[in-house]
Amino acid sequence: MAADTATDRSVGSTGAYLATVRGELDRLDRAIGAWSARYGVSALCYTLAVVFFWFGIVKPFGVSPANPVVETGIYFLPFDVFFPVLGWWEAAVGVGLLFKRTMRFAVYLMVFQMLGTMIPLFSAPAMTFTTFPFVPTEIGAYIIKNWVILSGGLVVLTKIELEDER
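### Here we look at the overall build of the chain
Now for step 1: When helices and strands are counted, the chain shows eight helices and two strands.
Now for step 2: Each helix (α) and strand (β) of the chain, taken in turn from the N terminus, gives the series α-α-α-α-α-α-β-β-α-α.
Now for step 3: A globule of 166 residues ought to have a C-alpha radius of gyration of about 15 Å, yet the chain, at 25 Å, is considerably larger.
Now for step 4: For the C-alpha atoms alone, the extent of the chain along its principal axes is close to 90 × 45 × 25 Å.
Now for step 5: Counting all 166 residues of the chain, 30% fall into the buried class.
Now for step 6: For the chain, restricting intrachain contacts to residue pairs at least 6 apart in sequence, the fraction spanning at least 24 positions comes to 66%.
Now for step 7: Total accessible area computed for the chain in this model is approximately 10,900 Å², and 71% of it derives from carbon and sulfur atoms.

### Focus on a nonpolar patch on the surface
Now for step 1: Taken together, the side chains of Y17, L18, V21, L25, L28 and I32 present a nonpolar region at the surface, about 580 Å² in accessible area.
Now for step 2: Tracing the backbone through its elements, the reader meets L18 in helix α1 (residues 2-57).
Now for step 3: Since its relative accessible area comes to 44%, L18 is described here as partly exposed.

### Focus: the environment of W88
Now for step 1: For W88, the position within the fold is in helix α3 (residues 79-96).
Now for step 2: Residues W88 and I57, spaced 31 residues apart in sequence, show a C-alpha to C-alpha distance of 6.4 Å.

Conventions we followed
Residues numbered from 1 in each chain as written. Predicted model: local features only at pLDDT ≥ 70, side-chain atom pairs only at ≥ 80, totals over all residues. Heavy atoms only, no water. Helix = DSSP H or I, 4+ residues; strand = E, 2+ residues; numbered from the N terminus. Rg over C-alpha atoms; globule rule 2.2 N^0.38 Å. Buried < 20%, exposed > 50% of the residue type's maximum accessible area, 1.4 Å probe, protein only. Contact = heavy atoms within 4.5 Å. Areas by Shrake-Rupley, 256 points an atom, 1.4 Å probe, with all protein chains shown as cover. Patch = residues over 30% accessible without salt bridge, like charges linked within 9 Å, V, L, I, M, F, W, Y side chains within 5 Å. Salt bridge = Lys/Arg side-chain N within 4 Å of Asp/Glu carboxyl O.

In structure tokens:
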């Protein structure tokens, strides 16, 4: 009988311990959720701004790793004019995302630009897919990940719309 009491006690203390751990994890989850609700979209906006400015500003100086993709994928436009304009456009999006007054316009520019980045998926499938349309090349995967960036821009735009309604 003593063994049963010891077993009951250890199960009971394990149950209490697990309940305590579960409670602490719930508390941590709520804290992270509250932090995310308060700062998450702003963090998304600032990281999009950094990425757009950084990736854009290198294009006019001819040091972007995207040169061959754009040159091959957007073959119907003069590259020597288009590529620097694209770079300044992206840099402007990055700067525009930093200020509330220009954020909406910056997101519109971003959406338009991001849709343009999808063109090589169709205009240069040999460069973007090893097996169209299911197995992307490294370049194709680089372009496809832009769908996530595009979605991030739409989240920022939604936040702007919600704030305008208040």
